[in-house]
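Tertiary structure, described
Each chain, written out:
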Amino acid sequence: MRRTTAILILMTSLLLACAPAEIVSIRVIDGDTVDAGLDANIRLTLDDGSGFDTPETFRSGCAAEADLGAQATARLKRLLQDARTTDLDLGGRSCGFGRYCGALRVDGTNVGETMIREGLAKRSKNYDWCQAG
C-alpha cells in the first residue's frame, strides 16, 4: 500500500511539473509598468532585481518626456505583440505605489535591457528625463 501511494504521489508530482505555465494576459501601462490581472500593477525590473526607468506618460515633466514616454510604451507593446515567448517573474516584493516588482522577458531577453539598449530607458530608479540632453 505504501509503495502504491508513493508511486501515485511521484506520478502526480511529475504531471504537475510538466503542466504548461498559466497563460496570463499582460497589458502595458507604460514603458516600465504592466498589468497582469493581479491585485496590483507590476513595476518591471532587470533580471538582477534592479530597477530601470522609462519616461513618464502620466504627469510628464515636459513635452520631451511625454513624447519619449509614448515611444517607450509603444515599443513595449510591440515587443509583447511580436513575442514568441514571454516570461513574467514576480519578485514578490513591493516596488512602491502599491505595485509588485517583476522581470519580464520576451524571447529570453529582459525587456528592460532591450529598452535601455534602444535609448528608451535608463538604469535608474527615477531618471530626470527633462534635464537629460
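What this report covers is the structure whose coordinates are included nearby. Since the structure is predicted, the reported quantities are computational estimates derived from the model, not experimental observations. (Residues numbered from 1 in each chain as written. Predicted model: local features only at pLDDT ≥ 70, side-chain atom pairs only at ≥ 80, totals over all residues. Heavy atoms only, no water.)

What follows deals with the overall build of the protein. Secondary structure assignment for the protein yields 3 helices and 6 strands. Counting from the amino terminus, the protein carries its helices and strands in the arrangement α-β-β-β-α-β-β-β-α. Relative to its full complement of 133 residues, the protein shows a buried share of 33%. Across the protein, contacts joining residues at least 24 apart in sequence account for 56% of those joining residues at least 6 apart. When the accessible area of the protein is evaluated, it comes to approximately 8,600 Å², of which 54% is carbon and sulfur surface. (Helix = DSSP H or I, 4+ residues; strand = E, 2+ residues; numbered from the N terminus. Buried < 20%, exposed > 50% of the residue type's maximum accessible area, 1.4 Å probe, protein only. Contact = heavy atoms within 4.5 Å. Areas by Shrake-Rupley, 256 points an atom, 1.4 Å probe, with all protein chains shown as cover.)

This next bit is on the pattern of salt bridges. As enumerated under the stated definition, the model contains 7 salt bridges in all. Residues Asp47 and Arg105 are paired through a salt bridge, measuring 2.7 Å at the closest nitrogen-oxygen approach. Here Asp47, found in the loop between strand 3 (42-45) and helix 2 (63-82), pairs with Arg105, found in strand 5 (residues 99-106); they are 58 residues apart in sequence, far enough to count as distant. Between Arg123 and Glu113 there is a salt bridge, with the nearest N and O atoms lying 2.7 Å from each other. Here Glu113 lies in helix 3 (residues 111-117) and Arg123 lies in the segment after helix 3, a separation of 10 residues in the sequence. What emerges from the salt-bridge pattern is a single network uniting Asp32, Arg43 and Asp53. (Salt bridge = Lys/Arg side-chain N within 4 Å of Asp/Glu carboxyl O.)

So, about helix 2. Between the first and last C-alpha of helix 2 there are 29 Å, a value that for 20 residues agrees with the 28 Å anticipated at 1.5 Å per step. For helix 2, the complete set of buried residues consists of Glu65, Gly69, Ala72, Thr73, Arg75, Leu76, Leu79 and Leu80. An end-on view of helix 2 places all buried positions within 160 degrees of arc, on one side of the element. Looking at helix 2, the residues exposed on the side facing more than 90 degrees away from the buried face are Ala63, Ala64, Gln81 and Asp82. (Expected span 1.5 Å × (residues − 1). Arc of directions from axis to C-beta.)

Turning our attention to the packing of aromatic side chains. For any pair of aromatic rings, geometry is given as the distance between the ring centres together with the angle between the planes. Enumeration over the complete set of coordinates arrives at 1 aromatic pair. When the ring of Tyr127 is compared with that of Trp129, the centres are 4.7 Å apart and the planes differ by 70 degrees; the resulting orientation is edge-to-face. Using a relative accessible area of 30% as the deciding quantity, one classes Tyr127 as partly exposed. (Phe/Tyr/Trp six-rings, centres within 6.5 Å; stacked < 30°, edge-to-face > 60°.)

By the definition in use, this model includes 1 disulfide. Here Cys62 connects covalently by a disulfide to Cys130, the sulfurs 2.2 Å from one another. Torsion about the S-S bond of the Cys62 and Cys130 cystine: about -105 degrees, corresponding to left-handed handedness. With a gap of 68 residues between them, Cys62 in the loop between strand 3 and helix 2 and Cys130 in the segment after helix 3 connect regions that are remote in the sequence. (Disulfide = S-S within 2.5 Å.)

Within the largest apolar cluster, 19 residues are counted, with the highest numbers of intra-cluster contacts made by Leu44, Leu76, Leu80, Leu104, Val111 and Met115. Of all the secondary-structure elements, those providing two or more residues to this core are strand 3, helix 2, strand 5 and helix 3. For this core, the element with the most residues is helix 2, which contributes 4 residues. Ignoring anything within four residues of it in the chain, the contact list for Met115 reads Gly31, Thr54, Ala72, Arg75, Leu76, Leu79, Leu120 and Ala121. (Core = buried A, V, L, I, M, F, W, Y, C linked by side-chain atoms within 4.5 Å.)

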